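Spelled out from the first residue to the last, the chains are:
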Amino acid sequence: MDPIAWLQVALVCAMGAVSPGPSLAVVLRNTMAGGKRQGVLTGVGHGIGILIYAGLVVTGLAVALAAFPAVEAAIGYAGIGLLIWLGLSFIGVRRPATGNGRQASSPTEPGRPRGGFAAGFLIAFLNPKIAAFFMAVFAPFIRLDANATEKAILAVTAGVIDAGWYSLVALALSGTGLIHVLRRHASRVDRAIGALLLVLAALLLYRML
C-alpha cells in the first residue's frame, strides 16, 4: 500500500477514535472504578472489536449487511440492549442477588478487569454503524486486486489506533489527580454516565424505528 494512502487511512481512523461517544464514557467509568489496568483492558477490548469489524468489512461484510438488512438490525438492537444494560448498571439498578446474597456476576461487569475488556469489546462489536464507517473509509483505498496483506494492514491499522487512543485516555486519567476527584464523586459520575448511555440508546432506537 502506498505510504501516503496509509497515512490518510490512519488519520481518518484516528479522527473516528477520538470522537466522543459511549465508548469513551465506558472507558472513563471503568478507569475510575478499576484503575489503570481495567481502563487499558477496556481500550484493548474496544480495539480488538474494531479490528475484527474492520477485517470483516475489507473481506465483504458490508456487502452482506446491505444484502440482509435483518442481520444489521439484529446487531443494532443487541447494541442498544447493551447500552441500556450498562446505563442502568451505572445509575444503580442492580442485578438480582444470588443465593449467597451476592449479586450475580456478568462477563461485562465493570468492576472486574475481564469485565472491562468484555464491555469495551461489545461496545465496539455490537455497533453495525462501524461497518458503514469503515466501508466509507476503506472504499477509496481497497483495490479490486488487493491481496490479503494489504487488507490486513488496513484492519490492523484501525484496531491499533483505536486501542492505542483509549488506552492512552485510561493511562492519562489514572496518572493524574483527576482520578481521585472522580472517585470522590463516583456515584454522581456513574449516574451521569449511565444517563448519557441511556440517552444514546434512546437516540439509536429512534433512528432504527
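These notes cover the structure that comes with them. (Residues numbered from 1 in each chain as written. Predicted model: local features only at pLDDT ≥ 70, side-chain atom pairs only at ≥ 80, totals over all residues. Heavy atoms only, no water.)

1. Description of the packing of aromatic side chains
Tallying each qualifying case throughout the model produces two aromatic pairs. Centroid distance Tyr53 to Phe125: 5.3 Å. Interplanar angle 40°. Geometry classified as tilted. Taken together, the residues span a long stretch of sequence, with Tyr53 in helix H2 (residues 22-58) and Phe125 in helix H5 (residues 113-125) at a distance of 72 residues. On the basis of relative accessible area, Phe125 is assigned to the partly exposed category, the value being 28%. Between Phe121 and Phe125, the aromatic rings sit 5.4 Å apart at their centres with planes inclined by 15°, giving stacked as the arrangement. In this pair, Phe121 and Phe125 are both assigned in helix H5, four residues apart and thus about one turn of the helix distant. (Phe/Tyr/Trp six-rings, centres within 6.5 Å; stacked < 30°, edge-to-face > 60°. Helix = DSSP H or I, 4+ residues; strand = E, 2+ residues; numbered from the N terminus. Buried < 20%, exposed > 50% of the residue type's maximum accessible area, 1.4 Å probe, protein only.)

2. Quick look at a nonpolar patch on the surface
There is a patch of nonpolar side chains on the surface, built from Ile48, Leu51, Ile52, Leu56, Val156 and Val160 and spanning about 430 Å² of accessible area. Counting only elements with at least two residues in the nonpolar patch, the list comes to H2 and helix H7 (148-174). Among the elements that line the nonpolar patch, the one with the most residues is H2, at four residues. Tracing the sequence through the fold places Leu51 in helix H2. (Patch = residues over 30% accessible without salt bridge, like charges linked within 9 Å, V, L, I, M, F, W, Y side chains within 5 Å. Areas by Shrake-Rupley, 256 points an atom, 1.4 Å probe, with all protein chains shown as cover. Salt bridge = Lys/Arg side-chain N within 4 Å of Asp/Glu carboxyl O.)

Treat this as a map of the structure, not an account of what it does.
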